[in-house]
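# Structure assessment
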Amino acid sequence: CSALRGGALPKLAFLDLGNNSLGDAFCAALADALSADPAAVLRCVSRLTLSANRIGCAGAARLAGPVAEGALPRLQFLALAWNQIGDAGAEAMAARGKLGTFRRLEGLYLHGNRAL
């Protein structure tokens, strides 16, 4: 995720990283990149797909932090389907649901998470 720092891909609107087994470590790295420079990292992304990546509660909660603080300002659709997110991850996202970018979400896809 360090490649995203410094305003790389400034016009990217759709990012689909689905089905790559990225896991919680990727979510932590993405969260760090977003926190380090929220105005520049993926600032135009409106659709982010992280489905089927073995993301668990820790990854979902970690990603929720910077997004709730205003990172990904144009995000409208977030797909986290077919991962391993359980109640704790969903609750972390819901707790931040009235903050930052989450207020703008039109679609949050969590289907297929066996732990929910």
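Now for a description of the structure that goes with this document. (Residues numbered from 1 in each chain as written. Predicted model: local features only at pLDDT ≥ 70, side-chain atom pairs only at ≥ 80, totals over all residues. Heavy atoms only, no water.)

Pairing between sheet strands relies on hydrogen bonds along the backbone, with the strands arranged either parallel or antiparallel. Reading across from one edge, β1-β2-β3-β4 is the order of the four strands in this open sheet, with parallel pairing throughout. Each edge of the open sheet carries a strand with a single partner, namely β1 (14-16) and β4 (107-109). When strand polarity is set aside, the average angle formed by the axes of neighbouring strands in this sheet is 0°. One ladder, built from three bridges, connects β1 with strand β2 (residues 47-49); its direction is parallel. Following the sheet pairing, F14 is matched in β2 by R47. (Pairing = 2+ DSSP bridges. Helix = DSSP H or I, 4+ residues; strand = E, 2+ residues; numbered from the N terminus. Axes fitted to C-alpha atoms, helices over the stretch in contact; angles between N-to-C directions.)

Where helix α3 (residues 87-95) is concerned, the buried positions are G89, A90, A92 and M93. End-on, the buried residues of α3 take up no more than an arc of 155°, which puts them together on one face. Opposite its buried face, α3 presents the exposed residues E91, A94 and A95, each directed more than 90 degrees away. For α3, the elements touching its buried residues are α2 (57-68), β3 (77-79) and β4. (Buried < 20%, exposed > 50% of the residue type's maximum accessible area, 1.4 Å probe, protein only. Arc of directions from axis to C-beta. Contact = heavy atoms within 4.5 Å.)

Tallying each qualifying case throughout the model produces zero aromatic pairs. R47 extends its terminal NZ or CZ atom over the ring of F77, reaching a point 4.1 Å from the ring centre. (Phe/Tyr/Trp six-rings, centres within 6.5 Å; stacked < 30°, edge-to-face > 60°. Lys NZ or Arg CZ within 6 Å of the ring centre and 35° of its normal.)

Before going further, it helps to examine the packing of helix α1 (residues 23-36) against α2. Close contact between α1 and α2 brings their axes to 8 Å; oriented N to C, the two are set at 10°. One way to sum up the angle between α1 and α2 is to call them roughly parallel. Contact residues: α1 offers D24, C27, A28, L30, A31, D32, L34 and S35, while α2 offers A58, G59, R62, L63 and P66. In the contact of α1 with α2, the residues fall into eight nonpolar, two polar and three charged. (Parallel < 35°, antiparallel > 145°, perpendicular 65-115°, else oblique. Nonpolar A, V, L, I, M, F, W, Y, C, P; charged D, E, K, R; others polar.)

What follows concerns the nonpolar core. By size, the foremost hydrophobic cluster in this structure holds 28 residues, and its most contacted members are L42, L48, L72, L75, L78, L80 and F102. Mapped by element, the contributors of at least two residues to this core are α1 and α2. In this structure L42 touches L4, L12, L15, L30 and L72, once residues within four positions along its chain are discounted. (Core = buried A, V, L, I, M, F, W, Y, C linked by side-chain atoms within 4.5 Å.)

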